[in-house]
Amino acid sequence: MGVSTLPERVVERQEHQGKKTPPRTGWGEIIPAFLGVVWLLFAFYPVLYMFVTSLRPLTDFFTDVPWLPPSHPTFDNYTYVLSNDFGLYFSNTVFVTVVSVLLMVAVSLFAAYTISRIRNRFTQAIFNLFLVGLAIPLQATIIPIYVLISDLHLYDTLLALILPNVAFGIPLSILVLVTYIRDIPKELHESMWIDGAGHFRILRNLVLPLSRPALITVIIYETIQVWNGFLFPLVLTQDPSVRVLPLGLWSYQGEYTTNVPAILAAVFLSATPIILLYIVGRRQLLGGLIAGFSK
Amino acid sequence: MSIAIKVSRPAHTSALPQRETWIAVLWTAPALAFYLLFAIIPLFVAIYLSFTSWDGFSAITWVGLKNWIALFSDSITGHSLLLTIEVMIFSWLVQTPLSILIGVFMAGKQRYRAVLSAFYFIPLLFSAVAIGLTWGSLLDPNFGLVDILLKTIGLPWLAQGWLGDPNLAFPVVLTIICWQFIPFHALLYLGGARQIPKELYEAATIDGGGPVQNFFSITLPQLRYTIVTSTTLIFTGSLTYFDLFWVTTEGGPGYATRVLPLHMYITAFRDAQVGYGSVIAVVLAIFGIVLSAVLLRFTGFTKMSSQLEGL
């Protein structure tokens, strides 16, 4: 089975098996439970702190005890951040993420179909070339990418972020899709072919619907990658009008300096779409994240 | 579709070799174009630039091997390379045992573990910048929670500027890296632990094995392929840490946390030594490719793919 089916199945089982648990008691359960709670504190507390602090007025931030709830909770920091171009950074990020991921998935799907269904030396060589991309650390190509983007007069545009994002998402997308499409039974493909369907119809009516789980996996994984990406925006943009969220957070830190509650409000806001995605579709999201593991 | 077309198109795909080639070229071309233009060609351009001297604005001048010769007497780059190797080793040593324990813990069927797991994964949702800023505020020497807590519980001598101390900054950032990535690796081990056949535990329990003994005699050996996958990811991932170091320390204090990707960025873009920055980029790329090749050879690709099958 393809890579993408793993996590969904795993997490699903986790949820369903919870009900038929034979209760265990004694030290064998108390010690792990205790350690589990200790880890919860370490793993979750910084996030809780981020949220709680974002609700404190700046004056209280300097006087409140940091681990107690805010004495005068307020959403002022959020309105402050929202009135400071956050909306612009947010929509820039949405635009870059949506366009990058759609382009990346579209070109990867066509390539993956070809690699898995038209098997000759040419397509297999191309597949291997894509796999090499998984071994290259992204940072190593950033200098020439900067030169290339400048030469194309794309510096300080959103397109400057989209193009390399697409390129770097392609190897993993193709790997996941090829693994999945190969598992679609040959007979289905052949019977459509005999019925006179061309490659495009087979791709649209057979492969596209059947590889939906793999597509969702790739889309989620790459959405998180592009949404959170920092290096391309740092090197390829400068103007506030084309700023995306990770770079926006960084610049807030420079502008607000000691206004930590406002910075943390921006941090929390910047992750809201991903947090919502996690609340709505935890299974798919974890599945999508783990898809990167063959990288 | 008309009958005529059906007849002209026999069952075998190979019957129309020319059209197949056409499709193969046409349909891989867009992906290939993106990939070659923004990933493969830049790699070769980086090699070219490594033989030049350039400040990013004036003309590029060919300097031959000068940059490469300078590399061997450059103690800062050596230091950065060493730091990157230390990141690999220490993040492996910390993350692997903890991720195994947490993954196995989460794989348990108890309801409360499922609830805890939902919270464990939350660090995965944030960008490295968001994580760096949050931890930066927690560790702030004036208003950070950590130091205020230490002063409150009577350990004021422990309170300090965690990220400003040359000896502490590196281990502190490593701790943040572990905080960020353990949930991911624990998720891998959760998947691995769920694949272990129950019968193995039942048989062992009948033979009188306790939970600790079962962990070492069954769980750990059964997780070996997951360990291989997780290790590969930790090693190759260690070459790419940039954002977190940049946001928390910018490589400092001094050169204390200037890992290789950071060193490359600072050299090329801040110090405007694009040629020498490219040398570091090439070193980084070679390191990445060699590491992947060695890991693949050492662990065996068949094992990797057979593990994928099992999932």
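Residues numbered from 1 in each chain as written. Chains lettered and ligands numbered in written order. Predicted model: local features only at pLDDT ≥ 70, side-chain atom pairs only at ≥ 80, totals over all residues.

## Digging into the overall build of chain B
Move 1: The helix and strand inventory of chain B stands at 15 helices and 2 strands.
Move 2: For chain B, the C-alpha radius of gyration of 26 Å lies well beyond 19 Å, the compact-globule estimate for 311 residues.
Move 3: In terms of overall dimensions, chain B has a C-alpha envelope of 90 × 75 × 35 Å along the principal axes.
Move 4: Counting over 311 residues, chain B shows a buried share of 41%.
Move 5: Summarising the internal contacts of chain B: among those between residues at least 6 apart in sequence, 69% fall at separations of at least 24. (Helix = DSSP H or I, 4+ residues; strand = E, 2+ residues; numbered from the N terminus. Rg over C-alpha atoms; globule rule 2.2 N^0.38 Å. Buried ≥ 20, exposed ≤ 12 C-beta atoms within 10 Å, placed from the backbone. Contact = placed C-beta atoms within 7 Å.)

## Here we look at the confidence of the model for chain B
All names here are of chain B.
Move 1: Chain-level pLDDT for chain B is 84 on average; 90% of the residues reach the 70-or-more range.
Move 2: Counted against residues more than four places away or in other chains, residues 1-16, with its pLDDT under 50, gives 12 contacts.
Move 3: Below a pLDDT of 50 lies the segment residues 302-311, which in the model reaches 15 contacts outside its immediate sequence neighbourhood of four places, other chains included.
Move 4: Here the complex is predicted with pTM 0.85, and the ipTM for its interfaces comes to 0.84. (pLDDT = per-residue confidence, 0-100.)

## Focus: the domain arrangement of chain B
Residue and element names in this part refer to chain B.
Move 1: Domain boundaries in chain B define domain 1 (3-49) and domain 2 (73-310).
Move 2: Taking only C-alpha atoms, the centre of domain 1 and the centre of domain 2 are 38 Å apart.
Move 3: Contact with domain 1, which involves 4 residues of that partner, is made by 6 residues of domain 2.
Move 4: Of the residues in the side of domain 1 that touches domain 2, the class split is 4 nonpolar, no polar and no charged. (Domains from an automatic or database assignment. Nonpolar A, V, L, I, M, F, W, Y, C, P; charged D, E, K, R; others polar.)

## Focus: unusual backbone geometry
In most cases, non-glycine residues show a negative phi, while peptide bonds are predominantly trans.
Move 1: Of note, A:Asp156 is a non-glycine position whose phi angle comes to about 70°, a positive value.
Move 2: Structurally, A:Asp156 can be placed in the loop between α6 (142-151) and α7 (158-181).
Move 3: Backbone geometry at B:Glu250 places phi at a positive 55°, although glycine is not the residue there.
Move 4: Considering the arrangement of structural elements, one finds B:Glu250 in the loop between α12 (243-248) and α13 (260-270).
Move 5: Its 14 C-beta neighbours within 10 Å are what place B:Glu250 among the partly exposed residues.

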